[in-house]
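Chain and residue survey
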Amino acid sequence: SSFSGFASVPVKGSCCSYSSLAWAFQTQCSISAPWNVTVKQCRQSSFFNTLTADELWKGALAETGVGVKKGRGKRRKKKLRKNLNKGQEIGEGRSGFLWPGLNAPIIQSGRVQAVTQRKKEERERIQSEIVQQRDTWEKKRKIKIKREGGWSGKCWGGVVLDPPDPGPNGETYEDFETRVIEVKNVFCMKAKEGRKKSIRALVAIGNGKGAVGFAMGKAGDRMNALRKAKNKAIRCLHFIELYQNHTIYHDITVKFKSTAIRMKKQNKGYGLRCHRAIITICKLIGIKDMYAKVSGSKNLINITRALFKGLTQQETHQQLANQKSLYVVEFREEQGPLPIVVALPEGTVREDPEPEDEVPDTKLEWSEVKEAQGMKKSPWAN
């Protein structure tokens, strides 16, 4: 854009005022009258002021196939868009001018302010503050965020994240705990860009009272992938029933693809003896005592899906009583041979008992059979 205006400059036979005015405004000047000077501003057009900022950043970051073909951003760390206006104030500069309407009020004490200049000491103080502020930003950029250790070393599994973002109605999720299950690099072949890398994150979230969920997020960088996963997980919650708020209701055997999990109900004080991913999810659910054995594929996504599939399909004592129309009893060590009724059917009680199969269809684990028969021997024993 161009600016045209008129300035009244006294000409006294010298061209000093004329040349300084032309240099200050970067203008082309022509004298139209003995006592007036016509000032017209003309910016020199170049590549950087003919395009918008979005178009310039689009070319520098190689966001399109054309930029990739030309080799921009090839075989190097992905660049991120920077805010070049950060810390800049309109009207502020090294010369220290005060422009009314930009960095100074237009009217002060009932008078319209004119363009003035700060003193040298004040200018030096402001410049030193700006330099100090920029140094602080650089240090913040270099400092790595300390995170709670995960399962092992630099592994992201088991790391605690911040709660999910607030919902559309302003609800917060401070009582939910978020933990990372897996962070993995994945690649996709594109026709123009070639082998494109992205980050896939698997996150689980729970409140320790039975409400739990999991989800996956994929993005170009790790933090966006984790943020997408935890915000998606809070919208996909399951409620898991707990027996006496510490374990599952019955033994569960579940299979998902090539991963099989056998879960056993345990007494109080037994603890969690299972895969580390299952331990993390059980703590989010509120399960304190359980044994689980994973066989087959150890893929973390399959383990998570198989665990949720088994826990959501378990039957409570009340559901079993309603289904069979019979009393559900339980034998405990403290009661000896006497059964304890734990659930009553809501309808009428069936008179004929539950038929028993001649040969129960139970799949035995060879390791448990050897242990029961005393054949299991530690490999470290002599």
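Just above, that's the structure.
Residues numbered from 1 in each chain as written. Predicted model: local features only at pLDDT ≥ 70, side-chain atom pairs only at ≥ 80, totals over all residues. Heavy atoms only, no water.

What follows deals with the overall build of the chain. In terms of helices and strands, the chain carries 10 helices and 18 strands. Sorting the 382 residues of the chain into buried and exposed places 28% on the buried side. Restricting to contacts in the chain with at least 6 residues of sequence separation, those with at least 24 account for 48%. (Helix = DSSP H or I, 4+ residues; strand = E, 2+ residues; numbered from the N terminus. Buried < 20%, exposed > 50% of the residue type's maximum accessible area, 1.4 Å probe, protein only. Contact = heavy atoms within 4.5 Å.)

Another aspect to go through is the pattern of salt bridges. Tallying each qualifying case throughout the model produces seven salt bridges. Ionic pairing is found between Glu129 and Arg125, a salt bridge with its closest N-O pair at 3.1 Å. Of the two residues, Glu129 and Arg125 are both situated in helix α5 (residues 120-142); the distance of four residues between them amounts to about one turn of the helix. Given the relative accessible area of 41%, Glu129 is considered partly exposed. For Arg179, the salt bridge goes to Glu177, with nearest N and O atoms at 2.9 Å. With relative accessibility at 18%, the residue Arg179 sits in the buried group. (Salt bridge = Lys/Arg side-chain N within 4 Å of Asp/Glu carboxyl O.)

It is worth spelling out the nonpolar core at this point. Among the nonpolar cores identified, the biggest contains 31 residues, and Ile261, Met263, Ile278, Ile285, Ile287, Met290 and Leu311 are the most heavily contacted of them. Looking at this core, the elements that each hand over two or more residues are β10 (194-206), β11 (211-219), β13 (252-256), β14 (259-265), α7 (276-285), β16 (290-296) and α8 (300-312). In terms of residue count, the dominant contributor to this core is α8 (seven residues). Residue contacts for Ile287: discarding those within four places in its chain leaves Leu242, His246, Thr247, Ile248, Leu272, Cys282 and Leu311. (Core = buried A, V, L, I, M, F, W, Y, C linked by side-chain atoms within 4.5 Å.)

So, about the packing of aromatic side chains. Under the defined criterion, the tally for this structure stands at four aromatic pairs. Ring plane angle 75° and centroid distance 6.3 Å describe the contact between Tyr173 and Phe176, whose orientation is recorded as edge-to-face. Of the residues examined, Phe176 reaches a relative accessible area of 13% and is grouped as buried. A centroid spacing of 4.7 Å and a plane angle of 45° characterise the contact between Phe214 and Phe308, whose relative ring orientation is tilted. Of the two residues, Phe214 is situated in strand β11 and Phe308 in helix α8; the sequence distance between them amounts to 94 residues. Of the two residues, Phe214 and Phe308, neither departs from the other in class, the shared state being buried. Looking at Arg195, its charged tip hangs above the ring of Phe187, at a distance of 3.8 Å from the centre. Seen from the ring of Tyr243, Lys265 lies directly overhead, with NZ or CZ sitting 3.8 Å from the centre. (Phe/Tyr/Trp six-rings, centres within 6.5 Å; stacked < 30°, edge-to-face > 60°. Lys NZ or Arg CZ within 6 Å of the ring centre and 35° of its normal.)

A few words on a positive patch on the surface. On the surface, a cluster of positive charge is made up of Lys232, Arg235, Lys257 and Arg305. Relative to the elements of secondary structure, Arg305 occurs in helix α8. (Patch = residues over 30% accessible without salt bridge, like charges linked within 9 Å, V, L, I, M, F, W, Y side chains within 5 Å. Areas by Shrake-Rupley, 256 points an atom, 1.4 Å probe, with all protein chains shown as cover. Lys, Arg positive; Asp, Glu negative; His and termini not counted. Charge placed at Lys NZ, Arg CZ, Asp CG, Glu CD.)

A few words now on the sheet that holds β13. The mixed open sheet is built from four strands, whose spatial order is β13-β14-β16-β15. Strands with a single pairing partner mark the edges of an open sheet, and in this sheet they are β13 and β15 (272-273). Note that β13 and β14 share five bridges and pair antiparallel. In the strand pairing of β14, Phe256 is matched with Thr259. Sitting on the sheet, α7 touches β14, β15 and β16, and the angle it makes with β16 is about 140°. Packing against the sheet, α8 makes contact with β13, β14 and β16, and its axis sits at approximately 135° to β13. (Pairing = 2+ DSSP bridges. Axes fitted to C-alpha atoms, helices over the stretch in contact; angles between N-to-C directions.)

What follows concerns the sheet that holds strand β8 (residues 160-161). Ordered in space as β8-β9-β10-β11-β12, the five strands form an open sheet in which the pairing is antiparallel. Either end of the sheet is taken by a strand with one partner, and the two such strands are β8 and β12 (237-239). Here β11 pairs with β12 via three bridges, running antiparallel. Within the sheet, the bridge partner assigned to Gly213 lies in β12 and is Leu237. This element, α7, spans β9 (177-190), β10 and β11 of the sheet and lies at about 130° to β9. Strand contacts of α8: β9, β10, β11 and β12, with the helix running at about 155° to β11, the strand carrying the most contacts.

We now examine the side chain of Thr304. Mapped onto the secondary structure, Thr304 falls in helix α8. Residues in contact with Thr304, not counting those within four places in the same chain, are Ile181, Leu202, Phe214 and Ile281.

This part is about a nonpolar patch on the surface. Together, Tyr327, Val329, Phe331, Val341, Leu344 and Val349 make up an exposed nonpolar region whose accessible area comes to about 580 Å². Relative to the helices and strands, Tyr327 resides in the loop between α9 (317-324) and β17 (328-331). According to the relative accessible area criterion, Tyr327 is partly exposed, its value standing at 49%.

On their own, these measurements won't tell you what the molecule is for.
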